[in-house]
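Geometric and topological summary
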Amino acid sequence: MSKVRLLPESLANKIAAGEVVERPASVVKELIENSLDAKAQNLKVIVRAGGKGLIQVLDDGEGLNPDDALLAFERHATSKIIKAEDLTEITTLGFRGEALPSIAGVSRLIMETRTQDQPIGTSVEIAGTRILGVKEIARPQGTSVLVRDLFFNVPARKKFLRADNTELSHIVNVLTQYALAYPENSISLTSSGRELFNFQSVVQLKERLFQVFGSDLLKQLVELEAEVPLFSNQTQAKERFDQERIYLHAFVSSPDVHKLNRNSLYFFVNRRMVRDKMLIHALLEAYRRILPSGVFPVALLFIEMPYSEVDVNVHPSKTEVRFRRQSLIHDFLQESIRKALMNARFQTPFSVQPEKLKVNPRAPQPSQKTSNNLKNSLPELPLSPHSLKATLLGNRLSFQSPDSSISSPLCATSGLISREEQTREGEDIKISNCRDIQPLGQIEESFIVASDKGSLLIIDQHVAHERILFEKILSERQQGKIETQGLLLPLIVELTLQQQIILENISTELNSCGFEVEPFGHRTLAIKSVPADLTAADLKKLLGELLDGLEKETQQVSLERIKEKIAASIACHAAIKVNTHLEYSKMIWLIDELLKTKYPTTCPHGRPIILRYKKMEILKAFKRI
Ligand code: ADP
Ligand code: MG
């Protein structure tokens, strides 16, 4: 008996829908793309219950005549491509002919539409691919697609949907992206009767950025435009059209903007929002040594190139692309952004990138081919933060039990290193008392240089203090002690929509952390009191980082994690800054307090606090052994 069989159409549709329709935001994305492809000017999106209850997208585009309105729900029915060659040069956002049948396959859907030359419009009602009715209706030109009960017939998918607010924030995200790519369109979003935004059509990209993000962020961005010909060979270039070039219009943040994740990186290729590792790499390379490791800038890159240069038919959701000339694009982006950042004359913050310092001569990394001054001058310097962790944890243990005499091989040495030491080189070095660490001074008023029984330590004063404060805040919170300070004048903060939604989710937690925050008009917020130890100047930044950091995880993350994030942010902003002179006694205090903490080796954001240059390594570097 044969076991291979054709699946019924309804099941095949459900399977295919799985790829296109992941959540309400994917429905919004597909419908918006259809409206933009239909040359609509005004787009209106209405949702209820984060899109789980209802999604409606209304446009004033070309519309569909009655036959097309029905045909559009057939799988692989599209007006956007005709022949295979068209796939190499896709100029529309859609082209696969999959969205409408997929959405209709997993929801109850009503499409109403009318073209300019038809006196009467058409209404098509479908539920799970069954056509329930087709009617003539009176309506203005354009199309409305109303989607109800998403996944009503796919319970497995429905179970995976998140809380209303999370789904709504995904929708906001999608719409924000299209709003940025299409400033000439007006786009609005209404959720459960509340208008969340209504971006009017504008001429300049910059104006749209202002509408979406507000003036605060815009002030921190550098605008740049650049282009590069696709063909370096002159004669080749001459034969080609003028437009055969890559053009970049970008907005990138100044080095003092630090985001904890990549949520604020936007890449558009020919007005399509894309996710691409190469583009991210090019951007982050431009920021290398300008930003500390582990933090990210805000960047919006609008890239244009001939359609034939990019393949968008890679994934059903069309957010992944392939470029024909990867390295040309990479280098062009990196150099243009780098140049713009340099020209803007930002002060490069004093920072050490631990990755660059992890020079292990026994295991050379392929990525170390880039020249690195520090590496060149100290070729054998294995300043590995990892080796520190064990060392300092040993330290902490001995601090807690000062009586235990943990002997260090280094303590016993006088002069050159003993044979015994050499054999024990790989082991942790433990010292008996934190007083053994002697501060010697500061480098650039930012790093404490200290000796520790023959080892050289470099301590990042900012992150050290950050760790101390972080643990202090957390333990105070556990004991219910929260110091709050009222602000004389409430601080007014502008929020993006995404942030506003997240704020609603964590407002209780913020309050219990000593914040008093109240809504203050349209997308603004009044902060009336804040946790003690925090200056008003740092507040805005703190709140922004807090909201951005939580953006992705709001619904899934535990309250404990939110508390930690808040504590980490407060600690970071209240901690001693770099470029601050420290008295000897202050350095002693800092080291003592640091060694009392649970994790003295890494800061709450995961960066190393202390670098150790062991005695053995010093001796080796001086070729004494
Ligand atoms: P695709 O966009 O890949 O062509 P869809 O399933 O999304 O496939 O849509 C099928 C067809 O329906 C489109 O090619 C287009 O002709 C038509 N269509 C869909 N939405 C609209 C709309 N809002 N306005 C006008 N035509 C539309
Ligand atoms: Mg489409």
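Details of the structure are given in the entry above.
Computed from a predicted model, the values in this text were never measured in an experiment.

**Quick word on the overall build of the protein chain**
When you go through the protein chain residue by residue, the secondary structure sums to 22 helices and 22 strands. Evaluated residue by residue, the protein chain yields a buried proportion of 51% over its 625 residues. Sequence separation of 24 or more characterises 70% of the internal contacts of the protein chain that already satisfy a separation of 6 or more. Carbon and sulfur atoms provide 51% of the accessible area of the protein chain, an area that totals close to 31,100 Å².

**Some thoughts on the packing of aromatic side chains**
What the rule picks out here adds up to 3 aromatic pairs. Their ring planes at 0° and their centres at 4.7 Å tell us that F268 and F302 sit as a pair that is stacked. Note that F268 is positioned in strand 11 (residues 265-269) and F302 in strand 13 (residues 299-304), a separation of 34 residues in sequence. It is R271 that lies over the ring of Y182; its NZ or CZ is 4.3 Å from the centre.

**Remarks on the nonpolar core**
I32, V147, L175, L180, L189, L209 and L300 are the most contacted members of the largest nonpolar core, which has 65 residues in total. In terms of residue count, the dominant contributor to this core is helix 6 (residues 164-181) (9 residues). Once residues lying within four places of it in the same chain are set aside, the contact partners of L300 are L180, L209, F213, L221, H249, A250, F251 and Y266.

**Section: the site of ligand 1**
Near ligand 1 lie 19 residues; those nearest to it are N34, T78, S79, K80 and G97. In this structure, an oxygen atom belonging to ligand 1 sits 2.5 Å away from a side-chain N or O atom of T78. Contact distances for ligand 1 include 2.9 Å between an oxygen atom and a backbone N or O atom of L100. Considering each element in turn, the shell around ligand 1 owes the most residues, 3 residues, to helix 4 (residues 99-105). Tallied by class, the residues present in the shell around ligand 1 amount to 8 nonpolar, 7 polar and 4 charged.

**Some thoughts on helix 11 (residues 326-343)**
Because an α-helix packs 3.6 residues into every turn, residues spaced three or four apart end up facing the same way. Here helix 11 is 18 residues long and its end C-alpha atoms lie 26 Å apart, about the 26 Å a rise of 1.5 Å per residue gives. For helix 11, the secondary structure elements touched by its buried residues are strand 9 (221-229), strand 10 (245-253), helix 10 (277-286), strand 13 and strand 15 (322-323).

**Quick look at the packing of helix 6 against helix 18 (residues 497-512)**
Closest axis-to-axis distance for the helix 6/helix 18 pair is 9 Å, and the angle between their directions is 170°. As the angle between them shows, helix 6 and helix 18 are arranged roughly antiparallel. Counting all contacts with helix 6, which are made through N165, L168, S169, V172 and N173, the residues of helix 18 involved are L497, Q498, I501, E504 and N505. Classifying every residue of the contact of helix 6 with helix 18 by side-chain character gives 4 nonpolar, 5 polar and 1 charged.

**Some thoughts on the sheet that holds strand 12 (residues 272-273)**
Pairing is mixed in the open sheet, where 5 strands are placed in the order 9-10-13-11-12. Single-partner strands in this sheet number two, and they are strand 9 and strand 12. Strand direction decides the pairing type here: strand 10 and strand 13, joined by 6 bridges, are antiparallel. When the bridges of strand 13 are listed, L248 appears paired with I303. Packing against the sheet, helix 11 makes contact with strand 9, strand 10 and strand 13, and its axis sits at approximately 40° to strand 10.

Rules of the game
- Residues numbered from 1 in each chain as written.
- Chains lettered and ligands numbered in written order.
- Predicted model: local features only at pLDDT ≥ 70, side-chain atom pairs only at ≥ 80, totals over all residues.
- Heavy atoms only, no water.
- Helix = DSSP H or I, 4+ residues; strand = E, 2+ residues; numbered from the N terminus.
- Buried < 20%, exposed > 50% of the residue type's maximum accessible area, 1.4 Å probe, protein only.
- Contact = heavy atoms within 4.5 Å.
- Areas by Shrake-Rupley, 256 points an atom, 1.4 Å probe, with all protein chains shown as cover.
- Phe/Tyr/Trp six-rings, centres within 6.5 Å; stacked < 30°, edge-to-face > 60°.
- Lys NZ or Arg CZ within 6 Å of the ring centre and 35° of its normal.
- Core = buried A, V, L, I, M, F, W, Y, C linked by side-chain atoms within 4.5 Å.
- Near = heavy atom within 4 Å.
- Polar contact = N/O pair within 3.5 Å; in protein donor to acceptor, adjacent residues only side chain to side chain.
- Nonpolar A, V, L, I, M, F, W, Y, C, P; charged D, E, K, R; others polar.
- Expected span 1.5 Å × (residues − 1).
- Axes fitted to C-alpha atoms, helices over the stretch in contact; angles between N-to-C directions.
- Parallel < 35°, antiparallel > 145°, perpendicular 65-115°, else oblique.
- Pairing = 2+ DSSP bridges.

Interpretation note: all reported values are geometric properties and have no functional meaning in isolation.
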